[in-house]
Amino acid sequence: SAVISQKPSRDICQRGTSLTIQCQVDSQVTMMFWYRQQPGQSLTLIATANQGSEATYESGFVIDKFPISRPNLTFSTLTVSNMSPEDSSIYLCSVGGQASYEQYFGPGTRLTVT
Amino acid sequence: QKEVEQNSGPLSVPEGAIASLNCTYSDRGSQSFFWYRQYSGKSPELIMSIYSNGDKEDGRFTAQLNKASQYVSLLIRDSQPSDSATYLCAVKGGSGGYQKVTFGTGTKLQVIP
């Protein structure tokens, strides 16, 4: 499986500010996914990021709040904009495996908004 | 009705016993099924994938799929304290699209030494 890294691993941010999370993969992948996992809950897909096209957002998530960049086949960023305490969560980057059916996760970014 | 349902637990089993984790899904068009293990404070780790009806074994883990009953299970034989984690069932495909993966809320497993 691909090796996935995320930066930062954790951050504490003030309300109203923005944070950009980076996801780096050690091999080229077509599709990258961004998930959110709120405390005690399961994973919710925010958006799918394909290189060379606009990200596809799931219901309840909008580009103005969660802009995504996908400049090449090994890198993506997710920005959490105008943060509120409700954005406190773990944000996870995920990529498809060689078989394309499987998905693997990065280590996550733990965000706390005060 | 939730798309992927799991009992939240905790499921407590003694060390050495078989742990049985269950999952049901609502979308009959779902094509791929996965079990992830998530330790507290860590990201999910893929441990099993299954695509066709029947059993699939990998070491101490056996995944079982019954598409007619829309049911997926994970058996962990000879459970160890290190197996204590939350196990997430995930389902891919169906009406949500080929690449869409939907996760259950997870079952917390506690293996008692």
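This text follows the structure it describes.
Residues numbered from 1 in each chain as written. Chains lettered and ligands numbered in written order. Predicted model: local features only at pLDDT ≥ 70, side-chain atom pairs only at ≥ 80, totals over all residues. Heavy atoms only, no water.

Peer 1: How should I be thinking about unusual backbone geometry in this particular structure?
Peer 2: Excluding glycine, residues mostly have negative phi values, and the peptide bonds linking residues are mostly trans. Here the amide bond leading from A:Lys7 into A:Pro8 is cis, since omega sits at -5°, within 30 degrees of zero. Position of A:Pro8 relative to the elements: it lies in the loop between β1 (4-7) and β2 (10-13). Here B:Gly9 and B:Pro10 are connected by a cis peptide whose omega angle stands at 10°. Residue position: B:Pro10 is located in the loop between β1 (4-5) and β2 (11-14). (Helix = DSSP H or I, 4+ residues; strand = E, 2+ residues; numbered from the N terminus.)

Peer 1: What is the right way to read the nonpolar core from this model?
Peer 2: Nonpolar side chains in soluble globular proteins tend to be buried together. Grouped together as the largest cluster of nonpolar side chains are 41 residues, with contacts concentrated most on A:Tyr35 and B:Phe103. In this structure B:Phe103 touches A:Tyr35, A:Ser42, A:Leu43, A:Phe105, B:Val4, B:Tyr36, B:Leu88, B:Cys89 and B:Ala90, once residues within four positions along its chain are discounted. (Core = buried A, V, L, I, M, F, W, Y, C linked by side-chain atoms within 4.5 Å. Buried < 20%, exposed > 50% of the residue type's maximum accessible area, 1.4 Å probe, protein only. Contact = heavy atoms within 4.5 Å.)

Peer 1: What's the story with the state of the cysteines in this structure? I'm lost.
Peer 2: A covalent bond between the sulfur atoms of two cysteines is what we call a disulfide. Going through the model one piece at a time under the given rule, you end up with two disulfides over all chains. Residue pairing for A:Cys23: its cysteine sulfur links by disulfide to A:Cys93, the two sulfurs lying 1.9 Å apart. With the S-S dihedral at roughly -65°, the linkage between A:Cys23 and A:Cys93 falls on the left-handed side. Pair noted here: A:Cys23 is in strand β3 (residues 19-25) and A:Cys93 is in strand β9 (residues 89-96), with a separation of 70 residues, a long-range link. A relative accessible area of 0% means that A:Cys23 is categorised as buried. On the basis of relative accessible area, A:Cys93 is assigned to the buried category, the value being 0%. At a sulfur-sulfur separation of 2.1 Å, the disulfide partner of B:Cys23 is B:Cys89. Between B:Cys23 and B:Cys89, the S-S dihedral sits near -70°, and the bridge is therefore left-handed. Of this pair, B:Cys23 sits in strand β3 (residues 19-25) while B:Cys89 sits in strand β9 (residues 85-93), placing them 66 residues apart in sequence. Judged by its relative accessible area of 0%, B:Cys89 falls in the buried class. Its sulfur unpaired, A:Cys13 is 18 Å from the next cysteine sulfur, which belongs to A:Cys23. (Disulfide = S-S within 2.5 Å.)

Peer 1: Would you mind going over the pattern of salt bridges with me for this structure?
Peer 2: Pairing of side chains with opposite charge becomes possible as their charged atoms draw close. All names here are of chain B. Using the criterion set out here, one finds four salt bridges over all chains in the structure. Close ionic contact of Arg77 with Glu57 constitutes a salt bridge, the shortest N to O distance being 3.4 Å. Pair noted here: Arg77 is in the loop between β8 (71-76) and β9 and Glu57 is in strand β6 (residues 54-58), with a separation of 20 residues, a long-range link. In this structure Arg77 comes out as partly exposed when scored by relative accessible area, which is 27%. For Asp83, the salt bridge is made with Arg60, and the minimal N-O distance between the two is 2.8 Å. Of the two residues, Asp83 is situated in the loop between β8 and β9 and Arg60 in the loop between β6 and β7 (61-66); the sequence distance between them amounts to 23 residues. (Salt bridge = Lys/Arg side-chain N within 4 Å of Asp/Glu carboxyl O.)

Peer 1: Got a minute to help me understand the sheet that holds β7(B) in this structure?
Peer 2: Whether parallel or antiparallel, the strands of a sheet pair through hydrogen bonds between backbone atoms. Residues and elements named next belong to chain B. Taking strand neighbours across the sheet as the criterion, the five strands line up as β1-β3-β8-β7-β6 in an open arrangement whose pairing is antiparallel. The sheet terminates laterally at β1 and β6, the two strands that pair on one side only. In this sheet, β7 lies alongside β6 in antiparallel orientation, the contact comprising five bridges. Its bridge partner being in β7, Asp55 is matched across the sheet by Gln64. (Pairing = 2+ DSSP bridges.)

Peer 1: Please explain the packing of aromatic side chains as it appears in this structure.
Peer 2: Taken as a whole and judged by the stated rule, the model has eight aromatic pairs over all chains. With a centroid separation of 5.6 Å and an interplanar angle of 90°, the aromatic rings of A:Tyr35 and B:Phe103 are classed as edge-to-face. Residue A:Tyr35 is found in strand β4 (residues 31-37), and its partner B:Phe103 is found in strand β10 (residues 101-103); the two belong to separate chains. The two residues A:Tyr35 and B:Phe103 agree in class, both being buried. Ring geometry for A:Phe105 against B:Tyr36: centres 5.6 Å apart, planes inclined by 80°, an arrangement best described as edge-to-face. Pair noted here: A:Phe105 is in strand β10 (residues 103-105) and B:Tyr36 is in strand β4 (residues 30-38), and the two residues belong to different chains. Residue classification places B:Tyr36 among the buried residues on the basis of a relative accessible area of 1%. Taken together, A:Tyr35, A:Phe105, B:Tyr36 and B:Phe103 form an aromatic cluster joined through their ring pairs. One residue, B:Arg60, lies across the ring of B:Phe61, its end atom 5.6 Å from the ring centre. (Phe/Tyr/Trp six-rings, centres within 6.5 Å; stacked < 30°, edge-to-face > 60°. Lys NZ or Arg CZ within 6 Å of the ring centre and 35° of its normal.)

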